[in-house]
Amino acid sequence: MALSEFDLIARYFAPLGQNGRGVSLGIGDDCAILDVPPGQQLLVSIDTLVEGVHFLPGTAADNLAYRVAGACLSDLAAMGAEPAWITLALTLPEAEELWLKSFSGALAEILDPWNICLVGGDTTRGKQLTISLQVHGWAPKGKALTRNGAQSGDLIYVSGTLGDSAAGLDQLQQKGDNQYLIDRFYRPTPRIETGLAIRSFASAAIDISDGLLADLGHILERSQVGAVVDPAKLPLSAALKSYPAEQTLDWALRGGEDFELAFTVPPQQQQAFESALKDHLVPCTQVGQITKDGGLQLQQPDGSLTACTKDGYRHF
Ligand SMILES: [Mg+2]
């Protein structure tokens, strides 16, 4: 029955609409009314997951919540923004109570530590499960990180470790049991704290959704610069190292959906940056340097440089 379905949905999503910061009027009217704190700018991004396109039918509801929220919040992290609000649109084949409970429970786990509040949403019935999540955050006026600020000589850093998500997908496909890698695929951690920590030092930043080479390529395009990356410096997890070295390198350079941050720091800021992040929970590793031009090049063990063609970015 339509009414009971809506009651069901309201029951599971109402708890996500509590305790928002700057929420003048939350769920329940035609629109939410929101206050961005004085001196801050609003940053907005949206992601959609479609069953059969972005995930396999039958993927667990809690994993879907982690994946869509992780990807979406990662975009705010990449710009050094603090998350505040989300809106959610769900298309469901049926309003199944267990699914709603699991999805909304997992979403709450992600939102609660950041006091992120659901301020609106829409649910419809449709054949294909589709999840659209929009995130809203803020950053001090003029301080948000963008892709276009990298300059020749800047040092290139990445957060965390690379290639784990691609290895996690491989584990799922090969029926492997490395839970760490599988979780890195299903449950990416948006690097919000890291985005905030690097905000006053970084000249450009992006989150790694399509692989380091592809996403660094976006910074190079927007900043009109080149780069040299040293593959020997790429941070790899112990779990990833159980794969052959050639495979790990390929995933670390080209594997998508790690949702780590790649960013550039001017050399004159390096010392202040590294001492400010000394106790930061997520290690940041220098993996290369921005050059005046020359596109994106990989440093070989003998010191020579190999060009990465644009096609080379998109390996998958
Ligand atoms: Mg992004």
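These numbers were taken from a predicted model, which means no experiment stands behind them.

S.K.: An account of the packing of helix α4 (residues 164-173) against helix α5 (residues 179-186) is requested, with residue identities and associated values reported.
M.R.: For the pair α4 and α5, interaxial distance at closest approach is 7 Å and the crossing angle is 110 degrees. What the angle tells us is that α4 and α5 run roughly perpendicular. Crossing of α4 against α5: the hand is left-handed. For the pair formed by α4 and α5, the contact residues are D164, S165, A167, G168, L169, Q171 and L172 on the first element and Y180, L181, I182, R184, F185 and Y186 on the second. Among the residues forming the contact of α4 with α5, the class breakdown is 8 nonpolar, 3 polar and 2 charged.

S.K.: A description of the domain arrangement of the protein chain should follow, citing residues and the corresponding values.
M.R.: Parsing the protein chain into structural domains produces domain 1 (2-140) and domain 2 (155-313). Each of domain 1 and domain 2 was reduced to a C-alpha centroid, and the two centroids are 28 Å apart. Listed per partner, the contact involves 19 residues of domain 1 and 17 residues of domain 2. Carbon and sulfur atoms supply 61% of the area that domain 1 and domain 2 bury against each other, a total of about 1,700 Å² over both sides. Of all residues in domain 1, the largest losses of buried area upon contact with domain 2 belong to R67, A78 and W114, amounting jointly to 33% of the total for that side. Applying the counting criterion to the domain 1 and domain 2 interface returns 2 salt bridges. Between R187 and D62 there is a salt bridge, with the nearest N and O atoms lying 2.9 Å from each other. Counting across the interface, domain 1 meets domain 2 through 6 residue pairs in polar contact (both at pLDDT 80 or more). Secondary-structure elements contributing two or more residues to the side of domain 1 that touches domain 2 are α2 (61-78), β4 (82-92) and β6 (130-140). No other element matches the 11 residues that α2 contributes to the side of domain 1 that touches domain 2. When grouped by side-chain class, the residues that make up the side of domain 1 that touches domain 2 number 10 nonpolar, 5 polar and 4 charged.

S.K.: Please give an account of the sheet that holds β6 that cites residues and values.
M.R.: Strand pairing within a sheet occurs via backbone hydrogen bonds; the two strands may be parallel or antiparallel. With mixed pairing, the 4 strands of this open sheet are ordered in space as β3-β6-β4-β5. The strands lining the two open edges of the sheet, one partner per strand, are β3 (40-50) and β5 (117-125). Taken over all neighbouring pairs, the strand axes of this sheet differ in orientation by 15 degrees on average, direction set aside. In this structure, β3 lies alongside β6, joined through 11 bridges in antiparallel fashion. Across the sheet, residue L42 finds its bridge partner in β6, namely W138.

Rules used in this analysis
- Residues numbered from 1 in each chain as written.
- Predicted model: local features only at pLDDT ≥ 70, side-chain atom pairs only at ≥ 80, totals over all residues.
- Heavy atoms only, no water.
- Axes fitted to C-alpha atoms, helices over the stretch in contact; angles between N-to-C directions.
- Helix = DSSP H or I, 4+ residues; strand = E, 2+ residues; numbered from the N terminus.
- Parallel < 35°, antiparallel > 145°, perpendicular 65-115°, else oblique.
- Left-handed = near helix turned anticlockwise from the far one by under 90°.
- Contact = heavy atoms within 4.5 Å.
- Nonpolar A, V, L, I, M, F, W, Y, C, P; charged D, E, K, R; others polar.
- Domains from an automatic or database assignment.
- Buried area = accessible area lost by both parts, 1.4 Å probe.
- Salt bridge = Lys/Arg side-chain N within 4 Å of Asp/Glu carboxyl O.
- Polar contact = N/O pair within 3.5 Å; in protein donor to acceptor, adjacent residues only side chain to side chain.
- Pairing = 2+ DSSP bridges.

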